[in-house]
Amino acid sequence: MLAGAPSAALPLLLQALSRSASGVKLPPDANRILFVKNLNYKTRGDDLYDLFGKYGGVRQIRLGNEAKTRGTAYVVFDEIVDAKNAFDHLNGFHLQERYLDVAAAKIKLNIVDE
């Protein structure tokens with residue numbers, strides 16, 4: 001269970017995470033963070049803000065800058081629905097001579113058994 005949360009609250013938390021603010025039912029793995037792969041090494045943060053910003057408010061973009069992470073980025077949206085919309089439209093999108101591979105970022109919950 002989550003640290004500091006009663007065990008009965010976990011299913012309610014997971015259910016709340018799978019619904020948007022507008023009440024639209026989303027897949028259980030949906031979240032507001034997208035992981036983008038196959039970026040051209042010349043892609044800048046501004047390029048991604050312009051592209052992903054068309055689908056909603058972007059809170060943050062983190063571009064990989066080390067040898068293992070180059071060509072990748074995390075895009076954090078303000079709303080889950082906007083992230084889902086961007087995923088639906090941009091997975092496979094052609095940007096700077098590359099086809100984007102967009103996925104919902106994996107979120108690790110700190111689960112503690114009491």
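Counting of residues starts from 1 at the beginning of each chain's written sequence and follows it residue by residue. This being a predicted model, a pLDDT of at least 70 is required before a residue's local features are given, and a value of 80 or more before pairs of side-chain atoms are given or counted; all residues contribute to the totals for chains, interfaces and linings. For the side-chain quantities, the full set of heavy atoms in the structure was used; hydrogens and water were omitted.

### Examining the packing of aromatic side chains
Geometrically, a pair of aromatic rings is defined through the distance of the ring centres and the angle of the planes.
Item 1. The criterion for an aromatic pair is that two Phe, Tyr or Trp rings (for Trp, the six-membered ring) have centres within 6.5 Å, with stacked assigned to planes under 30 degrees apart, edge-to-face to planes over 60 apart and tilted to the rest. Tallied over the full model, the rule gives two aromatic pairs.
Item 2. Relative to Tyr74, the ring of Phe35 has its centre 4.9 Å away and its plane inclined at 45°; by these criteria the two rings are tilted. Taken together, the residues span a long stretch of sequence, with Phe35 in strand β1 (residues 33–37) and Tyr74 in strand β3 (residues 73–77) at a distance of 39 residues.
Item 3. Using a relative accessible area of 22% as the deciding quantity, one classes Phe35 as partly exposed.
Item 4. Remark: a charge is flagged as sitting over a ring if the NZ atom of Lys or the CZ atom of Arg is within 6 Å of the ring centre and within 35 degrees of the ring normal. One cation-aromatic arrangement involves Arg70 over Tyr41; the distance from NZ or CZ to the ring centre is 4.1 Å. The helix and strand labels rest on DSSP assignments: H or I over at least four residues marks a helix, E over at least two residues marks a strand, and numbering proceeds from the N terminus. Any residue under 20% of the maximum accessible area for its type is buried, any over 50% is exposed, and the rest in between are partly exposed; the area is computed with a 1.4 Å probe on protein chains only.

### Observations concerning the pairing of β3
Item 1. The element β3 is largely enclosed, with a buried count of four among its five residues.
Item 2. Relative to β3, β1 runs antiparallel, the two being bridged by four bridges. Across the sheet, residue Phe35 finds its bridge partner in β3, namely Tyr74.
Item 3. Pairing between strands is defined by DSSP: at least two bridges between the two strands are required. As paired elements, strand β2 (residues 58–63) and β3 share five bridges and run antiparallel to each other. Residue pairing for β3: Arg62 is matched across the bridge by Tyr74.

### Quick look at the environment of Ile33
Item 1. Considering the arrangement of structural elements, one finds Ile33 in strand β1.
Item 2. Residues Ile33 and Ile107, spaced 74 residues apart in sequence, show a C-alpha to C-alpha distance of 8.7 Å.
Item 3. Contacts are assigned to residue pairs with any non-hydrogen atoms lying within 4.5 Å of each other. For Ile33, the contacting residues outside a window of four places in its chain are Tyr74, Val75, Val76, Ala103, Ala104 and Ala105.

### Considerations on the pattern of salt bridges
Item 1. Here, a salt bridge means any Lys or Arg side-chain nitrogen found within 4 Å of an Asp or Glu carboxyl oxygen. By the definition in use, this model includes four salt bridges.
Item 2. Salt-bridge contacts for Asp78 lead to Arg59; the nearest nitrogen and oxygen are separated by 3.0 Å. With Asp78 in the loop between β3 and α3 (80–90) and Arg59 in strand β2, this residue pair connects regions lying 19 residues apart in the sequence.
Item 3. On the accessibility criterion, Asp78 (34% relative accessible area) is partly exposed.
Item 4. Residue class for Arg59 comes out exposed when judged on its relative accessible area of 52%.
Item 5. Note that Asp88 and Lys84 form a salt bridge whose closest N and O atoms lie 2.8 Å from each other. Residue Asp88 and its partner Lys84 are both found in helix α3; the two are separated by four residues, about one turn of the helix.
Item 6. Judged by its relative accessible area of 45%, Asp88 is partly exposed.
Item 7. Among the residues examined, Lys84 registers a relative accessible area of 28% and is labelled partly exposed.

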